[in-house]
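Commentary on secondary and tertiary structure
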Amino acid sequence: LAMTDYYKQSHYKMYPKGTSKVYSNMTARKSRMEGVNHIVFFGLQYFIKEYLLTQWKANFFDKPWDEVQSKYLRLINNTLGKDAVSVSHLKQLHDLGYLPLKIKAVPEGSRVPIRVPFMTVTNTVDHAYWLVNFLETIWSCTLWQACTSATIADVFRTTLEKWADKTCEDRSFVQWQGHDFSMRGMSSLESACISGAAHLLSFTGTDTVPAIEFLEEYYGADVEQELIGTSVPATEHSVASFNIAYSLRLYEDWRREFIDRTPPGVPLCDISRQLIKEYAFLKWYITECVPSGIASYVADTYNIFSVVSEILPRLKDEIMARDGKLVIRPDSFWTNPEDCLCGYDGQHDKMELLDQAEKDVVRKGLIKSLWDIFGGKTNSKGYRELDPHIGAIYGDSISIERANTICSRLEKAGFASNNVVFGIGSYTYQHNTRDTFGFAVKATYGEVKGEPFELSKDPISDDG
């Protein structure tokens, strides 16, 4: 009873006397995302199971009426005022023993045009007319983000498929190209689960572990029987900085090996203890810690440009000998992800701290730099694809627009879009509101003393 707005508490007595039916729908009324004219409907089954069944049963129907009434009036009388509302309508519902609602909806996962309702709710017992819109708040609260994240994931998938069609030989890579990085930046565990599950309607890559259990619990998925989502081993900055600070072997042993592995004709760089220790850590990581399969390495704990220019060439033999792919992950850049991956020809104060080889990595961008070290193939459409032992992922502030720009710049440079994976985080999935697609629940039909009424709102002050 508390999962709603205060103003809903007294609406039961504001309807015309004799009201017996309220029929409401939920609709995405407008799009604030350019070029997106639909939403993907998702989240209803969770809402029904968790809130309309589990929560109402445990906290209302299964509790003695005296306990329910006491708890409710303690809250309401001390906030709205004593006797501000009656509880007779709630007692009737409690005596009934269930929520008398009929819900109709399009199948979850459907693309629904803007301004077309995707679900409706009405009461099936006359005295529960007030219940329909009493539930609007929790109904809207639970579904808007599920639908919004599902829609964004769908648009992401469509965007990446477009570039795959243009620059790759097939689309098989795309389902892995969008990877959910968002959990730590979401507003709550519930929003992370809902949004993470919505992401998995379009992609199979995720770092949001509880999204898998969410889909098993509420949608009948089975991780033992089907591919729901998956991830890969990956370092983080704490792991990298810890290992770089701690020498696994004597520093001089690693220094001699580093010098011995300098490629012919390449001038010896300024060898710092930090560089040698990161070389030691990365070698251990790919040969002993994760010797096969995909392994992701966050490379900007200190200097990603020296990792690419000095460390990767010296570990080329180990990387190429692995049965799997090493994925290099930048996590920062002075300007934007596009420049980091595709090349930066501007000026920045930090450039003065780099040697020439590091500056070359900045100018070329990560993808071209990896190509120059590891090579690859030119596919049947004429675009270059990195050797399957090496790849890249970028997961900081990636939006649909940025992913589109990155793929466009790669295409112009002659590279296929499948050279990079995108980590899609809370910058994309949390940076939204109910108004991103104008979600609203409105009554559109009602009955009073058996007489039907078509209902609408049409403010002259709004845009229609």
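All of the points below concern the structure found in this document. (Residues numbered from 1 in each chain as written. Predicted model: local features only at pLDDT ≥ 70, side-chain atom pairs only at ≥ 80, totals over all residues. Heavy atoms only, no water.)

Across its full length, the protein carries 18 helices and 15 strands. Across the 464 residues that make up the protein, the buried fraction comes to 51%. Across the protein, contacts joining residues at least 24 apart in sequence account for 77% of those joining residues at least 6 apart. Looking at the protein, you have 50 positive and 60 negative side-chain charges, and the mean spots of the two groups are 4 Å apart. (Helix = DSSP H or I, 4+ residues; strand = E, 2+ residues; numbered from the N terminus. Buried < 20%, exposed > 50% of the residue type's maximum accessible area, 1.4 Å probe, protein only. Contact = heavy atoms within 4.5 Å. Lys, Arg positive; Asp, Glu negative; His and termini not counted. Charge placed at Lys NZ, Arg CZ, Asp CG, Glu CD.)

Another aspect to go through is the state of the cysteines. Taken as a whole and assessed by the stated rule, the structure comprises zero disulfides. In this structure Cys-147 is not part of a disulfide, and its nearest cysteine sulfur, from Cys-141, lies 13 Å away. (Disulfide = S-S within 2.5 Å.)

Let's shift gears to a positive patch on the surface. A contiguous patch of positive charge, built from Arg-29, Arg-32, Arg-434, Lys-442 and Lys-457, is present on the exposed surface. Tracing the backbone shows Lys-457 in the segment after strand S15 (451–454). (Patch = residues over 30% accessible without salt bridge, like charges linked within 9 Å, V, L, I, M, F, W, Y side chains within 5 Å. Areas by Shrake-Rupley, 256 points an atom, 1.4 Å probe, with all protein chains shown as cover. Salt bridge = Lys/Arg side-chain N within 4 Å of Asp/Glu carboxyl O.)

Turning our eyes to something else, we now look at unusual backbone geometry. The backbone of Arg-115 shows a phi angle near 80 degrees, a positive value even though the residue is not glycine. Of the residues examined, Arg-115 reaches a relative accessible area of 53% and is grouped as exposed. Phi is positive for Lys-449, which is not a glycine, with a value near 50 degrees. Note on placement: Lys-449 falls in the loop between strand S14 (439–448) and S15.

So, about helix H5 (residues 136–167). Taking 1.5 Å of rise per residue, the 32 residues of H5 would be expected to cover 46 Å, and the 46 Å separating its terminal C-alpha atoms lies within 8% of that figure. At Leu-143, H5 shows its maximal kink, close to 25 degrees. Counting buried positions over the 32 residues of H5 gives 25, a clear majority of the element. (Expected span 1.5 Å × (residues − 1). Bend = angle between axes of the 7 residues up to and from the residue.)

Take the pattern of salt bridges next. Counted by the stated rule, this structure contains 20 salt bridges. With its nearest N and O atoms 2.8 Å apart, the salt bridge here joins Asp-253 to Arg-256. Residue Asp-253 and its partner Arg-256 are both found in helix H10 (residues 251–260); the two are separated by three residues, about one turn of the helix. The partly exposed category is assigned to Arg-256, whose relative accessible area is 46%. Through salt bridges with shared partners, a single network forms among Arg-157, Glu-161, Asp-165 and Arg-171.

Fair warning: the whole summary comes from geometry, so function is off the table for now.
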